[in-house]
Amino acid sequence: MPYKVTLIPGDGIGPEVTKATKMVLEATGVKFYWDLSIAGDGAQDLFGTPLPDYILDSINRNKVALKGPITTPVGYGFRSVNVALRRLLDLYACLRPCKTYPGVPTPYQGVDIVIVRENTEDLYVGIEFERRSPEAAKLIALISETLGEEVKKDSGFSIKMISEIGSRRITKFAFEYAQNWGRKKVTVVHKANIMRSSDGLFLNTAREVARDYPHIEFNDIIVDTLCMQLVRYPQQFDILVLPNLYGDLISELCAGLVGGLGLAPGANIGEGIAVFEPTHGSAPKYVGQNKVNPMAMMLSGVMLLHYLGEREAAERLEEAIAQVIAEGKSITYDLRPNPNPPVGTSQVADAVIAKLEEKSNA
Ligand code: NAD
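Note on numbering: residues in each chain are counted from 1, in written sequence order. It should be noted that, the model being predicted, local features are given only for residues of pLDDT at least 70 and side-chain atom pairs only at 80 or more, the latter also being counted only at that level, while totals for whole chains, interfaces and linings use all residues. Hydrogens and waters are ignored; side-chain quantities use all the structure's heavy atoms.

## A word on the side chain of Asp-11
Runs of E in the DSSP output that reach at least two residues are strands. Runs of H or I that reach at least four are helices, and both are numbered from the N terminus. Relative to the elements of secondary structure, Asp-11 occurs in the loop between β1 (3-8) and α1 (14-27). Each residue is assigned to one of three classes by its accessible area relative to the maximum for its type, calculated with a 1.4 Å probe on protein chains only: buried under 20%, partly exposed between the two thresholds, exposed over 50%. Charge assignment: positive for Lys and Arg, negative for Asp and Glu; neither His nor the chain ends contribute. Salt bridge, as applied in this entry: a Lys or Arg side-chain nitrogen positioned within 4 Å of an Asp or Glu carboxyl oxygen. There is no salt bridge for the buried Asp-11, and the closest opposite charge comes from Lys-67, which lies 8.1 Å off by N-O distance. Contacts described as polar in this section are N or O atom pairs within 3.5 Å, which, within protein, must combine one atom able to donate a hydrogen with one able to accept it, while residues neighboring in sequence count only if both atoms come from side chains. In this structure the side chain of Asp-11 is engaged in a polar contact, spanning 2.7 Å, whose partner is the side chain of Thr-71. Apart from the residues within four sequence positions on either side, Asp-11 is in contact with Gly-40, Asp-41, Pro-69, Ile-70, Thr-71 and Ser-282. Any two residues having at least one pair of non-hydrogen atoms within 4.5 Å are treated as being in contact.

Below, the structure is given as structure tokens:
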């Protein structure tokens, strides 16, 4: 029986990297039935919304999706289709492995960090009060009344909201992941010294959860110190678990350490449901040029294979990608400097497929 997977090519460079990824996934020999779903700019034109209901129905039905990036619409609809999707499906865990592959031009070798980002809370909940709105005025009055603090009358507000339930389930997810993947250490990232009610709750909840996993090392770090330590000595970190905003920022930092967004895969995971997508966005300036690196999306495909229980195929595909990188002949512009001229998105797919075929003929 083929696996039924919702396939969302997205927009911008999404369709190009999705096509390349679909090809390499099929070349592993694993059988898929792709439930093609149009979201983003194309859906806006066809259905008047970048996120039609049928997409949510398809993911809820198939329980697993492979998704390309989607441009955040400016001036209409959702603040972000990607954020909306994660919240509507309650995909509370964002998993982003950042690993150096031999041959990648980066000053850092031996990095193997897994980022576990909380995906549904924090400043992303969208509770905002516009400057000089009646709601902002009420909030200013409340703050003055309850805390005795004077707030500037022309202030705008974005509320940072972190719950105990949300903190518990994401830190539990990080420890379960560590346990299942033989990882040694979980580090919780926060700024609890300043934001005691939100980050303090996240940290204290993580400490409680850690007691259930005495065999896994646990420590915590303040987010600014983490930034410095990541640049100095990233190899010291194993699994990082972070609230939403820090998770977003640190994912990009770690992607930079291991060669850039072209090599940074990801997954958004809920209870029995998962959407696999690269960390990068729709890179509008490269649309239709057969230029960008499809490996971030291909590595998201590797994660999808693991999720489906296709471990051997996942390892084979990752190895094929790693070999193409190491050879340095069929790599895109972003993995410079390299003595060979860069190739396009589709040529990378051809090279990875050739490696898979070599293995099956060996
Ligand atoms: P981006 O990630 O799309 O691109 C930034 C730059 O990174 C590109 O110009 C390019 O130089 C490089 N880059 C990105 N992907 C690459 C790849 N596969 N290979 C090689 N180089 C690559 O970020 P942006 O320009 O800030 O965002 C563009 C749009 O994408 C925005 O509308 C944003 O909201 C959206 N976005 C979507 C998602 C998602 O769908 N999950 C994630 C991030 C951003």
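## A word on the side chain of Ser-58
As for its position among the elements, Ser-58 is in helix α3 (residues 53-62). Of the residues examined, Ser-58 reaches a relative accessible area of 1% and is grouped as buried. A polar side-chain atom of Ser-58 sits 2.7 Å from a polar atom in the side chain of Thr-6. In this structure Ser-58 touches Thr-6, Asp-35, Ser-37 and Lys-63, once residues within four positions along its chain are discounted.

## A look at the site of the ligand
Being near a molecule or strand, for a residue, means having at least one of its heavy atoms within 4 Å of it. Taken together, the neighbourhood of the ligand is formed by 22 residues, with Ile-70, Thr-72, Asn-82, Gly-281 and Ala-283 sitting nearest. At 3.0 Å from an oxygen atom of the ligand is found a main-chain nitrogen or oxygen belonging to Ser-282. Residue Ala-283 places a main-chain N or O atom 2.7 Å away from an oxygen atom belonging to the ligand. Per-residue and other accessible areas were derived by the Shrake-Rupley procedure at a 1.4 Å probe size, with only the shown protein chains allowed to occlude residues. Protein coverage of the free-state accessible area of the ligand, which is 810 Å², stands at 72%. Residue type decides the class: Asp, Glu, Lys and Arg count as charged, Ala, Val, Leu, Ile, Met, Phe, Trp, Tyr, Cys and Pro as nonpolar, and the leftover types, Gly among them, as polar. In terms of residue class, the shell around the ligand is built from eight nonpolar, nine polar and five charged.

## Focus on the domain arrangement of the protein
For the domains described, the bounds stem from an automatic or database domain assignment. For the protein, the domain assignment lists domain 1 (107-121 + 162-257) and domain 2 (125-161). Using only C-alpha atoms to locate each centre, domain 1 and domain 2 end up separated by 30 Å.

## Some thoughts on the sheet that holds strand β4 (residues 93-99)
If you trace the ten strands from one edge of the open sheet to the other, you get β2-β1-β3-β12-β11-β4-β5-β10-β8-β9, paired in mixed fashion. Of all strands in the sheet, those with a lone pairing partner are β2 (32-36) and β9 (217-222), marking the two edges. Averaged over all pairs of adjacent strands, the angle between their axes in this sheet comes to 25 degrees, without regard to strand direction. One requirement defines pairing of two strands: DSSP has to find at least two bridges between them. Two elements, strand β8 (residues 185-190) and strand β10 (residues 239-242), share three bridges in a ladder whose sense is parallel. Following the sheet pairing, Val-186 is matched in β10 by Ile-239. Helix axes are fitted only over the stretch in contact, all axes being lines through C-alpha atoms; the angle between N-to-C directions runs from 0 to 180 degrees.

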